[in-house]
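Chain residues, written in single-letter form:
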Amino acid sequence: MDGELESFSLVELTVRRLSQEILSGKIGPGQRLFEEQLTRRLGISRAPLREALRLLAQQGLVAHVPRRGVRVATLSDRDVRELRTIRNILERYAIETALPVQRDADLAGLRVALERMRQASDVGDRLALAEAHRAFHVALVTLADNQQLAAVYESILVKLQLHMTIRMSRHAQATAPLDGVHRHERLLTAVAAGDPAVVLAELARHGNPSEPDGV
């Protein structure tokens, strides 16, 4: 049993390490992942690595391509359009279901994510900023108290974040560091006010929650 728990932890650590490298752009979209190189670099055997790659494939971060091995996933323009359409549908349903919130404490997840945004903006950590943005929007959808909905929604945001990795530097240069924070502050204010129509209108102005600059 102890060995199983240890092995499971190693797989999870590998998933976390590789997902961070992929979502930060350190490993680029379409780049092939060679097992021998990864086992040597990460200091693990093939078994936990293969399980980690299987889990990453489930998340949509890597793809097993016949005769071409495992590669970091890429998204076509059509994929991105479809994912954004589904994201918008899920957001609308969640907001119309959840609002107005019954207790101020229900907004704690949004406030925690917003504070993480501020901290990441202060130090210029683009990956932490993108992850805080994702956490904010997942917390928003979680207000609907539907775990399956929240899980599907987060998986969509992860894929969109992958798509945005190739644009991270450009957005960071074109956008003031706190612009994304201010947009999310306005969104939080709208959520606290409790009118679904106002929140949806703010989301429409707010833009794409998966983008690293916070739009």
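Residues numbered from 1 in each chain as written. Predicted model: local features only at pLDDT ≥ 70, side-chain atom pairs only at ≥ 80, totals over all residues. Heavy atoms only, no water.

1. With respect to the confidence of the model for the protein chain
Here is the rule we go by: Each residue carries a pLDDT score, the predictor's own confidence in it, on a scale running from 0 to 100. Helical segments are the DSSP runs of H or I of at least four residues, strand segments are the runs of E of at least two, and each set is numbered from the N terminus. Here a residue-residue contact requires only that any non-hydrogen atoms of the pair lie within 4.5 Å.
On average, residues of the protein chain score 86 in pLDDT, and 86% of them are at 70 or above. Considering each helix and strand of the protein chain separately, the mean pLDDT is smallest for helix 8 (residues 168-174), with a value of 48, and largest for helix 4 (residues 77-98), with 95. Low pLDDT, under 50, characterises residues 169-174; the predicted model gives this stretch six contacts beyond four residues in sequence or across chains.

2. Some thoughts on helix 9 (residues 179-193)
Residues separated by three or four positions in an α-helix point in the same direction, a consequence of the helix having 3.6 residues per turn. Note the cut-off: Here the expected span of a helix is defined as 1.5 Å times the quantity of residues minus one. Working definition: with a 1.4 Å probe on protein chains only, accessible area under 20% of the residue-type maximum means buried, over 50% means exposed, and in between means partly exposed.
A rise of 1.5 Å per residue sets the reference length of helix 9, with its 15 residues, at 21 Å; its end C-alpha atoms lie 22 Å apart and thus fit the reference within 8%. Buried within helix 9 are the following residues: Gly180, Val181, Arg183, His184, Leu187, Leu188, Ala190 and Val191. Where helix 9 is buried, its residues touch helix 5 (108-123), helix 6 (126-142) and helix 10 (196-206). Downstream of helix 9 by a residue or two, Gly194 has a phi angle that is positive, lying close to 90 degrees.

3. Some words on the pairing of strand 3 (residues 69-72)
Short version of the rule: For two strands to pair, DSSP has to find at least two bridges joining them.
Judged from the two bridges that link them, strand 1 (residues 32-33) and strand 3 form a sheet pairing that is antiparallel. Opposite Arg32, over in strand 3, you have Arg71 as the bridge partner. A loop of three residues connects strand 2 (residues 62-65) with strand 3, the two strands running antiparallel in sequence, and Arg67 in this loop sits at a positive phi of about 65 degrees.

4. Regarding the sheet that holds strand 1
Rules: As a rule, the C-alpha atoms of each element are fitted with a line to give its axis, helices using only the stretch in contact, and angles between N-to-C directions run from 0 to 180 degrees.
As summarised here, the arrangement of the three strands in space is 1-3-2, forming an open sheet in which the pairing is antiparallel. Every interior strand has two partners, whereas the edge strands, strand 1 and strand 2, have only one. As judged from the four bridges shared by strand 2 and strand 3, these two strands associate in the antiparallel manner. Across the sheet, Val65 pairs through a bridge with Gly69, a residue of strand 3. Lying on the sheet, helix 3 (residues 46-58) is in contact with strand 1, strand 2 and strand 3; it crosses strand 2 at an angle near 110 degrees.

5. A closer look at the packing of helix 4 against helix 10
Put simply, the rule reads: We call two directions roughly parallel when the angle between them is under 35 degrees, roughly antiparallel when it is over 145, roughly perpendicular when it lies between 65 and 115, and oblique otherwise. Take the far helix as your reference; a near helix turned counterclockwise from it by less than a right angle gives a left-handed crossing, and one turned clockwise gives a right-handed crossing.
For the pair helix 4 and helix 10, the least separation of the axes is 9 Å and the interaxial angle reads 155 degrees. Accordingly, the angle class assigned to the pair helix 4 and helix 10 is roughly antiparallel. For the element pair helix 4 and helix 10, the recorded crossing hand is right-handed. Every residue of helix 10 that contacts helix 4 at Glu91, Arg92, Ile95 and Glu96 is listed here: Pro196, Val199, Leu200 and Leu203.

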